[in-house]
Amino acid sequence: MKKSLIALAVLAAAGAASAQSSVTLFGIVDAVVTVGRGTVADRTQLTDSGYNSSRLGFRGTEDLGGGMSASFWLEAGLNNDNGEGDPTNVNNQASGTGAASAGRQGLTFNRRSTVSLAGGWGELRLGRDYTPQFWNLTVFDPFGTNGVGTTQTLNSIITGSTAVRASNTIGYFLPGNLGGFYGQVQYYMGENVQNGAATEDDGNGLGLRIGFANGPFNVAFSTSRTEYAAGDVRQSNIGGQWDFGIAKAMAHYSRDENGAIDGKGWLIGGLFPVGAGEIRASYSRYETDAAGQPETKKLALGYVHNLSKRTAVYTTWARVRNSGGAAQALGGSTTGVNANSSGFDLGVRHSF
Amino acid sequence: MKKSLIALAVLAAAGAASAQSSVTLFGIVDAVVTVGRGTVADRTQLTDSGYNSSRLGFRGTEDLGGGMSASFWLEAGLNNDNGEGDPTNVNNQASGTGAASAGRQGLTFNRRSTVSLAGGWGELRLGRDYTPQFWNLTVFDPFGTNGVGTTQTLNSIITGSTAVRASNTIGYFLPGNLGGFYGQVQYYMGENVQNGAATEDDGNGLGLRIGFANGPFNVAFSTSRTEYAAGDVRQSNIGGQWDFGIAKAMAHYSRDENGAIDGKGWLIGGLFPVGAGEIRASYSRYETDAAGQPETKKLALGYVHNLSKRTAVYTTWARVRNSGGAAQALGGSTTGVNANSSGFDLGVRHSF
Amino acid sequence: MKKSLIALAVLAAAGAASAQSSVTLFGIVDAVVTVGRGTVADRTQLTDSGYNSSRLGFRGTEDLGGGMSASFWLEAGLNNDNGEGDPTNVNNQASGTGAASAGRQGLTFNRRSTVSLAGGWGELRLGRDYTPQFWNLTVFDPFGTNGVGTTQTLNSIITGSTAVRASNTIGYFLPGNLGGFYGQVQYYMGENVQNGAATEDDGNGLGLRIGFANGPFNVAFSTSRTEYAAGDVRQSNIGGQWDFGIAKAMAHYSRDENGAIDGKGWLIGGLFPVGAGEIRASYSRYETDAAGQPETKKLALGYVHNLSKRTAVYTTWARVRNSGGAAQALGGSTTGVNANSSGFDLGVRHSF
């Protein structure tokens, strides 16, 4: 989420297009001691991305003149506790991410790899990117879907391969000058061979997001469908925030569907500035209509202390309560069915 | 193929060598909607490298004084539709590239990873690099061996692991001041243990290329042999181009041999400047003496529109006709034996 | 080991922390022709890292004011002969590095991936890093544990997954102003689930290093223990060097323990400046108390010729003598039990 920190002067490209351009090397290294406690097994780790997702990226923009620009964005996930990269998913289906071999995952631009053309009419973006349905959850989560405090409404078990990102996307974003209205639509392809098989459209999908921000107020809605022969996946959510100055309140509500299973959840929380720091708090719930009506409820509290714009130390504590057959555990621990689990993060986030 | 776009000032290296030096971060992000049609199955994809191969690289040169320089070049292939890298081949044999796990291919410097010493005598280059036999095909293909228009004369099934690049190379390039003559020789090693096995020299090879360019005229010849106990692979080709101003005409002829199988092909084509754009056209054929004398013939037409030196939109259409038992299909489609197939690209290429 | 060569001006980060900061792109590309001879099989390769380990890295420091700073360091190993990266180990156990698929190893930040906070009190460093026990060997080896001349006292077979580096480390370094005293302590985690299994603490460990450098004199001691249910691994060593001006003499002694097997070894050697170059020489031995008391003895001689601060050509010759059942071979060759083997390196190292 952190912005560019280095801008390199580009050698003047001779010819028609001599306008200003830049390439930016950027990243985040976030290391965190995470302690998870559950009724079956506890765990202590030095892990990553407790506050912001660790990453390394390259991006740039070229001014094409006439209000047009071209840009690229390559961003790789990073496990800075052990040096590995992250895998990606090539076809928006379970088959798009194969088996891992420990210690061997190299850098992929799994977080984003796109090229864009933009103008007064908006932005056309091609490649791998966040899905609108995920983006609308994470921006209205005080913990930004990172660390032990992550909202319960992000349930990848229900929402599958396109819960967070999609590959082979063609996206369109509205321009920024619509009086507070913003929006995007994203089409993505599973790229299966069209041979008449029932699964030939698996991994194809469409997501959209539309919102309105004005002064302290921001609200947005998102909905999506990804096709699978075994049952389509649908995600819809609405979220909003109000900045009261002394606090920024946030809430969202989500409904998911994966074939015959429905899930729904909500979050309420906020961010409270305190000097050079910020207190974070949220309460979130998620339940599905699978056998037993499994439900999880999380309370999360945290504090971030900014040493600078780029460097922060932080801590988060969270507890999840399971019922209806759920057994979610935090911080890498293992807990019993309908038992509780707690997680604790203490880390440092440095961006560049 | 695109040139450096960023040059970073190097902190003066104290001591004897204080001459100018630079390191360059460079790359190409090329995204393309590709539609393939065949008699068995069609396919539509957002893929990459329809005009130029997507890549991310780092390179630099150090002036050593006295006309000498040292340089390095690290260049990784990029699947920007999904964020994956590309595999490499470690030993110039089929065993040098193992099985893939979907979504997990990290960045490798498969395209090039070399260190060089250069002077008035030429350049000594060590590492992984293009083979001369490939280079002599791609420079005389109007489509640069990218996208659905790629020349039929590049037949990796016949020419195997060193058709495009080789690892463990020791290369020598003639200096640039020979009145238009240019050339290179490249030795590469399979690096097998020398234990008397029949395959102990598999993957060893030698390629050379020699050419002459003067004004509008450029012609070059290349030949190579890679050793395999199962049958050596030989590739030879000759290509040329003439720039008439209103068009650049290109042609090449190639002969390949893989053990008992011989293949041969040719291409004729051209590039036609049109305002800020360029029309591309080629006709290429390839046939082998395998059972049935399989033959493929491709007609390819395209247009590239340059939005700037760095950014272009482009489209290509191509059709391949199969005979003699061939069943090549374009754009990820599948076609029947002796049936036709067509491919269509519509993309954007941005370099940095 | 080479220092930063590029420093990029960081766009002033608005706000409290506007002090100087920099991000550095750095690396080494070292290519070497290696010839190994053994009684069973010889081998010739173009390989990498004969003088310094090939690498590509990104690092930077942010001044936080008040004597405090934050920094990051991401450094990937590089096989520039074929373009592959190197694997890492995620849990300091044998299970932390899985099976390889040839040609597919992408870049990982296996060499180092850390974030640090530093001040007058020293440095706190989190992530993957060298272990103190390794660092104390490599700095007192004239060949820096690279190439055919590498000291015999680095025996990863005995010392296992944490012989060189560890993941999930929490490290502390003494500040640099202690009148020549220096030191570090490093704790690392295997991160296993705490479920009462005998192996639940496998991969946890602690290493420390303490030294004193003054003028021409430098001596340091290191000791470590990594826990495994199958038998703890212990490494201890002491090393020193004296710079006589016409030569820098080095020696070290090491004792290792892996469960029931004990190993010990020593090295004596030196570096001899000769004009723009340096002669390197060492004699090292290692023996274990495994059945037969296997022992290896190596004599290594080399010369490095600096073309600049960044670029050098070098050659090394080494011979290993095996006894007591040992069969170590150099340069990728294979040799018989109790037979000898020799290795020869001829290479170029370029750093940036």
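Because the structure is predicted, anything quoted here is derived from the model rather than measured. (Residues numbered from 1 in each chain as written. Chains lettered and ligands numbered in written order. Predicted model: local features only at pLDDT ≥ 70, side-chain atom pairs only at ≥ 80, totals over all residues. Heavy atoms only, no water.)

Turning our eyes to something else, we now look at the overall build of chain A. Along chain A, the regular secondary structure elements total two helices and 19 strands. Relative to the compact-globule value of 20 Å for 352 residues, chain A shows a C-alpha radius of gyration of 21 Å, a close match. Classification of the 352 residues of chain A by burial places 57% in the buried group. Within chain A, contacts between residues at least 6 apart in sequence are counted, and of these 55% link residues at least 24 apart. Accessible surface computed for chain A: about 12,800 Å², of which carbon and sulfur atoms make up 58%. The averaged location of the 27 negative side-chain charges in chain A is 8 Å from the averaged location of its 27 positive side-chain charges. (Helix = DSSP H or I, 4+ residues; strand = E, 2+ residues; numbered from the N terminus. Rg over C-alpha atoms; globule rule 2.2 N^0.38 Å. Buried < 20%, exposed > 50% of the residue type's maximum accessible area, 1.4 Å probe, protein only. Contact = heavy atoms within 4.5 Å. Areas by Shrake-Rupley, 256 points an atom, 1.4 Å probe, with all protein chains shown as cover. Lys, Arg positive; Asp, Glu negative; His and termini not counted. Charge placed at Lys NZ, Arg CZ, Asp CG, Glu CD.)

As a further point, take the pattern of salt bridges. Taken as a whole and judged by the stated rule, the model has 21 salt bridges over all chains. The partner of E75 of chain B in a salt bridge is R111 of chain B, with the nearest N and O atoms 2.6 Å apart. Placement of the pair is E75 of chain B in strand β5 (residues 68-79) and R111 of chain B in the loop between β6 (84-85) and β7 (112-119), with a sequence separation of 36 residues. Grouping residues by exposure puts E75 of chain B and R111 of chain B together as buried. One salt bridge in this structure joins R285 of chain B and E295 of chain B, with 2.8 Å as the shortest N-O distance. Placement of R285 of chain B in strand β16 (residues 277-288) and of E295 of chain B in strand β17 (residues 295-306) is noted, with a sequence separation of ten residues between them. Overall, the relative accessible area of 23% leaves R285 of chain B in the partly exposed class. You can call E295 of chain B buried: its relative accessible area is 12%. Here the salt bridges do not stand alone but share partners, grouping R55, E75 and R111 of chain A into one network. (Salt bridge = Lys/Arg side-chain N within 4 Å of Asp/Glu carboxyl O.)

This paragraph deals with the environment of V23 of chain B. Residue and element names in this part refer to chain B. Among the secondary structure elements, V23 is positioned in strand β2 (residues 21-38). Assessed through its relative accessible area of 1%, V23 is described here as buried. Sequence spacing of V23 and N110 is 87 residues, and the spatial spacing of their C-alpha atoms is 20 Å.

Let's shift gears to the side chain of S284 of chain A. All names here are of chain A. Relative to the assigned elements, S284 resides in strand β16 (residues 277-288). Overall, S284 belongs to the buried group, its relative accessible area being 0%. Within the local environment of S284, its side chain forms a polar contact with the backbone nitrogen of Q152, the two atoms lying 3.0 Å apart. Apart from the residues lying within four places of it in its own chain, the contact partners of S284 are T151, Q152, W266, L267, T296, K297 and K298. (Polar contact = N/O pair within 3.5 Å; in protein donor to acceptor, adjacent residues only side chain to side chain.)

Turning next to the relation of the copies chain B and chain A. Taken together, a rotation about one axis and a shift along it account for how the two chain copies relate. When chain B is fitted onto chain A, the two copies agree to an RMSD of 0.0 Å after a turn of 120° and an axial shift of 0.0 Å. In the structure described here, the two chain copies are related by an operation that fits a three-fold rotation axis. Residues of chain B ranked by C-alpha distance from the rotation axis are headed by G106 of chain B, positioned 2.3 Å from it. The overlap is low: 12% of the interface residues of chain B also sit at the interface in chain A, so different surfaces are used on the two sides. (Least-squares fit on C-alpha atoms with pLDDT ≥ 70 in both.)

Each partner contributes to the interface: chain C provides 49 residues, whereas chain A provides 43 residues. Carbon and sulfur atoms supply 67% of the area buried between chain C and chain A, which totals about 3,600 Å² over both sides. Run the count over chain C and chain A and you get zero salt bridges. At the junction of chain C and chain A, the tally comes to 18 residue pairs in polar contact (both at pLDDT 80 or more). Of all the elements in the fold, those that place two or more residues in the side of chain C that touches chain A are β1 (8-9), β2 (21-38), β4 (55-65), β5 (68-79), β7 (112-119), β8 (122-130) and β9 (165-173) of chain C. (Buried area = accessible area lost by both parts, 1.4 Å probe.)

The next subject is the interface of chain B and chain A. How large an interface is tends to be reported as the accessible area lost when its parts come together. With 43 residues of chain B at the interface, the matching set in chain A holds 49 residues. Both sides of the chain B and chain A interface together cover about 3,700 Å² of buried area, and 67% of this is carbon and sulfur. On the surface where chain B and chain A come into contact, there are zero salt bridges. At the junction of chain B and chain A, the tally comes to 17 residue pairs in polar contact (both at pLDDT 80 or more). Mapped by element, the contributors of at least two residues to the side of chain B that touches chain A are β2, β3 (43-48), β4 (55-65), β5, β18 (311-323) and β19 (340-351) of chain B. For the side of chain B that touches chain A, a count of residues per class yields 20 nonpolar, 16 polar and seven charged. (Nonpolar A, V, L, I, M, F, W, Y, C, P; charged D, E, K, R; others polar.)

Take the relation of the copies chain C and chain A next. If you rotate chain C by 120° and push it 0.0 Å along the axis, it lands on chain A with an RMSD of 0.0 Å. When the interface residues of chain C are mapped onto chain A, a mere 10% of them again fall at the interface, so the copies present different faces.

Let us look at the pairing of strand β15 (residues 261-274) of chain B. All names here are of chain B. Pairing analysis gives eleven bridges linking strand β14 (residues 248-258) to β15, with the strands arranged antiparallel. Paired with H252 across the two strands is L267, which belongs to β15. If you look at the hairpin formed by β14 and β15, you'll find two residues sitting between the two strands, and G259 has a positive phi there, around 60°. As defined by bridge partners, β15 adjoins β16 across twelve bridges and the pair is classed as antiparallel. Its bridge partner lying in β16, L271 is registered against R280. In this structure, the hairpin formed by β15 and β16 is closed by a connection of two residues, where G275 is found at a positive phi of approximately 60°. (Pairing = 2+ DSSP bridges.)

Once that is clear, we can look at the nonpolar core. Within soluble globular proteins, side chains that are nonpolar generally end up buried alongside one another. Residues F58 of chain A, F58 of chain B together with L56 and F58 of chain C are the most contacted members of the largest nonpolar core, which totals 63 residues. When near neighbours in sequence (up to four residues on either side) are disregarded, F58 of chain C contacts L25, L56 and F58 of chain A, F58 of chain B together with T24, L25, F26, F72, W73, L74 and F109 of chain C. (Core = buried A, V, L, I, M, F, W, Y, C linked by side-chain atoms within 4.5 Å.)

The subject of this paragraph is unusual backbone geometry. All names here are of chain C. Despite not being glycine, T145 has its phi angle at roughly 50°, a positive value. When you line up the elements, T145 lands in the loop between α1 (132-138) and α2 (156-159). Non-glycine residue E191 carries a positive phi angle of around 65°. Under the relative-accessibility criterion, E191 is labelled buried at 10%.

Attention now moves to the environment of S254 of chain C. Residue and element names in this part refer to chain C. Of note, S254 is situated in strand β14 (residues 248-258). Given the relative accessible area of 0%, S254 is considered buried. For the pair S254 and F221, spaced 33 residues apart in the sequence, the C-alpha separation amounts to 9.8 Å.

Our focus in this paragraph is the packing of aromatic side chains. Residues and elements named next belong to chain C. Counting across every chain of the model gives 33 aromatic pairs over all chains. On the basis of an interplanar angle of 70° and a centroid distance of 5.5 Å, the ring pair of F26 and W73 is categorised as edge-to-face. Remark: W73 occurs in strand β5 and F26 occurs in strand β2; sequence separation between them is 47 residues. Exposure remark for F26: the relative accessible area of 2% places this residue in the buried category. On the basis of relative accessible area, W73 is assigned to the partly exposed category, the value being 23%. Above the face of the F26 ring, R59 is positioned so that its terminal group lies 4.2 Å from the ring centre. (Phe/Tyr/Trp six-rings, centres within 6.5 Å; stacked < 30°, edge-to-face > 60°. Lys NZ or Arg CZ within 6 Å of the ring centre and 35° of its normal.)

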